[in-house]
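Geometric and topological summary
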Amino acid sequence: MQTSEGSVLWEQTQGCPQGSCSGPAFWNIPADEVLSMQGPQGVHLQEFTDDFSLIVTDNIREVLRKLSKFVLVHFKTFPLSASRH
């Protein structure tokens, strides 16, 4: 990479770089829509670099199971405007 002070090199020794320079910006389009989704009480959505984490809490096991299933189905079928073009 060229900087005002000359070339900068970085040897990649672990992991692997993903995508392109515009990848993060394109990720933000559907991520913003998903994060604006209003979930039921006890459901928390967290975004990580290129993933989401759903945390579902309740004191009753059966309610927890039903709530988790509802949220996963809704999340999986969430209509993203970016995917409709």
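Described in the following lines is the structure provided in the data block.

Definitions and limits used
- Sequence order as written defines the numbering, with residues in each chain counted from 1.
- Reporting in this predicted model follows two pLDDT cut-offs: at least 70 for local features of residues, and 80 or more for side-chain atom pairs to be given and counted; totals over whole chains, interfaces and linings ignore these cut-offs and use all residues.
- Excluding hydrogens and water, the side-chain values take into account all heavy atoms of the structure.
- For the purposes of this entry, the term helix denotes a DSSP run of H or I that reaches at least four residues, the term strand denotes a run of E that reaches at least two, and both are numbered from the N terminus.
- In what follows, a contact means two residues having at least one pair of non-hydrogen atoms within 4.5 Å.
- Using a 1.4 Å probe, the Shrake-Rupley method yields the accessible areas, and only the shown protein chains count as cover for residues.
- One less than the residue count of a helix, multiplied by 1.5 Å, gives the span that helix is expected to have.
- Bend is the name given here to the angle between axes fitted to two runs of seven residues, the run ending at a residue and the run starting at it.
- Relative accessibility thresholds used throughout: buried, under 20% of the residue-type maximum; exposed, over 50%; partly exposed, between the two (1.4 Å probe, protein chains only).
- We define a salt bridge as a side-chain nitrogen of Lys or Arg found within 4 Å of a carboxyl oxygen belonging to Asp or Glu.

A closer look at the overall build of the chain
Check the secondary structure of the chain and you find 2 helices and 4 strands. Listing the helices and strands of the chain from first to last along the sequence gives β-β-α-β-β-α. A separation of at least 24 residues holds for 38% of the contacts in the chain among residues at least 6 apart in sequence. Summing over all exposed atoms, the chain offers an accessible surface of approximately 7,400 Å²; the carbon and sulfur share of this is 57%.

Description of helix α1 (residues 23-35)
Compared with the 18 Å implied by 1.5 Å per residue over 13 residues, the 18 Å span of α1 between its first and last C-alpha is a close match. Taking the largest bend as the criterion, α1 deviates by roughly 30 degrees, centred on I29, and proline P30 comes between one and four positions later. Among the residues of α1, those classed as buried are P30, A31, E33 and V34. On the buried face of α1, the contacting elements are β3 (43-48), β4 (51-56) and α2 (61-76).

Details of the environment of H74
With respect to the helices and strands, the residue H74 is situated in helix α2. Judged by relative accessible area, which is 35%, H74 ranks as partly exposed. Sequence spacing of H74 and M37 is 37 residues, and the spatial spacing of their C-alpha atoms is 9.9 Å.

A few points about the pattern of salt bridges
The full count for this structure, using the stated rule, is 1 salt bridge. E62 is the salt-bridge partner of R65, the closest N and O atoms lying 2.6 Å from each other. Highlighted residues: R65 and E62, both in helix α2, separated by 3 residues, approximately one helical turn. Residue R65 is classed as partly exposed on the basis of its relative accessible area of 46%.

Don't take any of this as a statement about function, it's just geometry.
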